[in-house]
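Here are the chains, one letter per residue:
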Amino acid sequence: MKRSLLIHLECPSCHQAFNLTVDKEEGAEVMEGKLSCACTSYPIVRGVPRLLPGTTDQKNWTTAERFGEEWKQFSMLTDKYEQQFLSWIEPVKQDHFRGKLVLDVGCGKGRHVLYAQKFGAQEVIGVDLSQAVDAAFDNVGRLPNAHIVQADLYKLPLKPEYDYAYSIGVLHHTPDPAKSFQCMVDKVKQGGSVSAWIYGREGNGWIIYILNPIRRITSKLPLPITKSLAFVLAVIMQAGLKVFYWPAEHVSWLGWMKKILPYSAYLCSIADYSFKENYSIVFDHLLPEIAFYIRQEEFQKWFDDAKLQDVVITRRNNNSWRGFGSKI
Ligand SMILES: [Zn+2]
């Protein structure tokens, strides 16, 4: 962690500032040390402050840990992520980041922190509950204006000062997605804005009826077994994508196939991904204990309850919702 992170942190319990004790430094990064306040202290381990108050919901923790393992094993960043990120936060464009203090809620391996800083954010703070913060620190933690923090979304150790906060593909994996959204909004200052992307209930019937029962089992299996199962399913899926969905997307006279192939908007969008990328997507779906699928009106209500203005909610790939709103 960089010393410049300190002014953005506060204890999630007593809300006081921290005193920093440094045990080991590498360049601008404090690699090992301690953050202390009036009520307790938190360790800094491998460059990341671990601000976990120790009262995290067990199911939430299990889900986060399993995702953490995934992000460590699939820690690569690819150039497709930039367009994906912009698609997830639509209608936000690159210039929205310029000069802003930005919060990434559920940063995983740090893929979006990378673009937030590339798009000109003044500073970006990526927060994740899981061990994925280690992958995130390796990927982006040493960038001059990026910070990685391990913390619980329900007890964020951050001041309410952000110009822009976003959460991509995370809120639906938390025990109470509506509350999680509000916790993110609470960290945004007046005049700031938020984006969220979540799984939709609409268009995901097959996942709810077929994948959810499978996931109830795979989310409890040891990770190597879940990973092996994901490999087998990914081989089958990749074959289907290359034989049917790739031609439907890329061969103009076969475009009609999109109308008859199931789930085509989404599957065409990942048809030219590498095997490793799609393997990670399948693994991702088999891992979590918690996955909510949210209806549009429910998602809209989060924004209404948070009193956000100029709200824009749109559908993505016929299976998910993305929303943007401002805190005025
Ligand atoms: Zn404290």
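What counts and what doesn't
Residues numbered from 1 in each chain as written. Predicted model: local features only at pLDDT ≥ 70, side-chain atom pairs only at ≥ 80, totals over all residues. Heavy atoms only, no water. Helix = DSSP H or I, 4+ residues; strand = E, 2+ residues; numbered from the N terminus. Buried < 20%, exposed > 50% of the residue type's maximum accessible area, 1.4 Å probe, protein only. Polar contact = N/O pair within 3.5 Å; in protein donor to acceptor, adjacent residues only side chain to side chain. Contact = heavy atoms within 4.5 Å. Axes fitted to C-alpha atoms, helices over the stretch in contact; angles between N-to-C directions. Left-handed = near helix turned anticlockwise from the far one by under 90°. Nonpolar A, V, L, I, M, F, W, Y, C, P; charged D, E, K, R; others polar. Phe/Tyr/Trp six-rings, centres within 6.5 Å; stacked < 30°, edge-to-face > 60°. Pairing = 2+ DSSP bridges.

Asker: Explanation requested: the side chain of N278 in the structure shown.
Answerer: Inspection of the secondary structure assignment puts N278 in helix α10 (residues 275-286). For N278, a relative accessible area of 0% translates into the label buried. Engagement of the side chain of N278 in a polar contact is seen with the side chain of Q238, the distance being 2.8 Å. Once residues within four sequence positions are removed from consideration, N278 is found in contact with M237, Q238, L241, I270 and Y273.

Asker: Any chance you could explain the packing of helix α5 (residues 177-186) against helix α11 (residues 296-305) here in plain terms?
Answerer: When two helices pack together, their arrangement is given by the angle between the helix axes and the distance between those axes. Contact geometry for α5 and α11: axes closest at 10 Å, N-to-C directions at 35°. Where α5 crosses over α11, the two elements pack in a sense that is right-handed. Facing P177, A178, F181 and Q182 of α5, the residues of α11 in contact are W302, F303 and D305. Class assignment of the residues belonging to the contact of α5 with α11 gives a composition of five nonpolar, one polar and one charged.

Asker: I would appreciate a short explanation of the environment of Y164 in the present structure.
Answerer: Mapped onto the elements of the fold, Y164 is located in strand β8 (residues 162-168). Since its relative accessible area comes to 0%, Y164 is described here as buried. When the C-alpha positions of Y164 and L129 are compared, they lie 20 Å apart, and in sequence the two are 35 residues distant. When near neighbours in sequence (up to four residues on either side) are disregarded, Y164 contacts I89, V92, H96, F97, K100, L101, V102, L103, S193, V194, S195 and F324.

Asker: Explain the packing of aromatic side chains here, please?
Answerer: Ring pairs (aromatic) are described by centroid distance and by the angle formed between their planes. According to the stated counting rule, one finds 20 aromatic pairs in the structure shown. Taking the centre distance of 5.4 Å and the plane angle of 80° together, the rings of F231 and Y279 count as edge-to-face. Placement of F231 in helix α7 (residues 223-250) and of Y279 in helix α10 is noted, with a sequence separation of 48 residues between them. Residue F231 is classed as partly exposed on the basis of its relative accessible area of 40%. Between F299 and W302 the ring centres are 5.4 Å apart and the planes differ by 80°, which places this aromatic pair in the edge-to-face class. Placement of the pair is F299 and W302 together in helix α11, with a separation of three residues, close to one helical turn. Residue W302 is classed as buried on the basis of its relative accessible area, which comes to 6%. By way of ring pairs, the aromatic residues F85, F97, Y115, F119, Y164 and Y166 are connected into one cluster.

Asker: Any chance you could explain the sheet that holds strand β10 (residues 309-316) here in plain terms?
Answerer: Each strand in a sheet pairs with its neighbour through backbone hydrogen bonds, running either in the same direction (parallel) or in the opposite one (antiparallel). Pairing within the open sheet is mixed, and its eleven strands lie in the order β1-β2-β3-β4-β7-β6-β5-β8-β9-β11-β10. Across the chains shown, the open sheet's two edge strands, defined by having one partner strand only, are β1 (19-26) and β10. Direction aside, neighbouring strands of the sheet carry axes that sit 20° apart on average. Here seven bridges tie β1 to strand β2 (residues 29-36), and the two strands are oriented antiparallel to one another. Among the inter-strand pairings, T21 is bridged to a residue of β2, identified as K34. Across the sheet, helix α4 (residues 132-141) is in contact with β2, β4 (48-51), β6 (123-128) and β7 (146-151); its angle to β7 comes to roughly 175°.

Asker: Where do I start with unusual backbone geometry in this structure?
Answerer: Most peptide bonds take the trans configuration, and most residues that are not glycine carry a negative phi. For the bond from E90 to P91, the omega torsion is 10°, close enough to zero to count as cis. Here P91 lies in the loop between α2 (80-88) and β5 (101-105). Even without being a glycine, Y263 presents a positive backbone phi close to 60°. You can call Y263 buried: its relative accessible area is 17%. Even without being a glycine, N317 presents a positive backbone phi close to 50°. With respect to the element layout, N317 can be found in the loop between β10 and β11 (320-326).

Read these as spatial facts, not as claims about activity.
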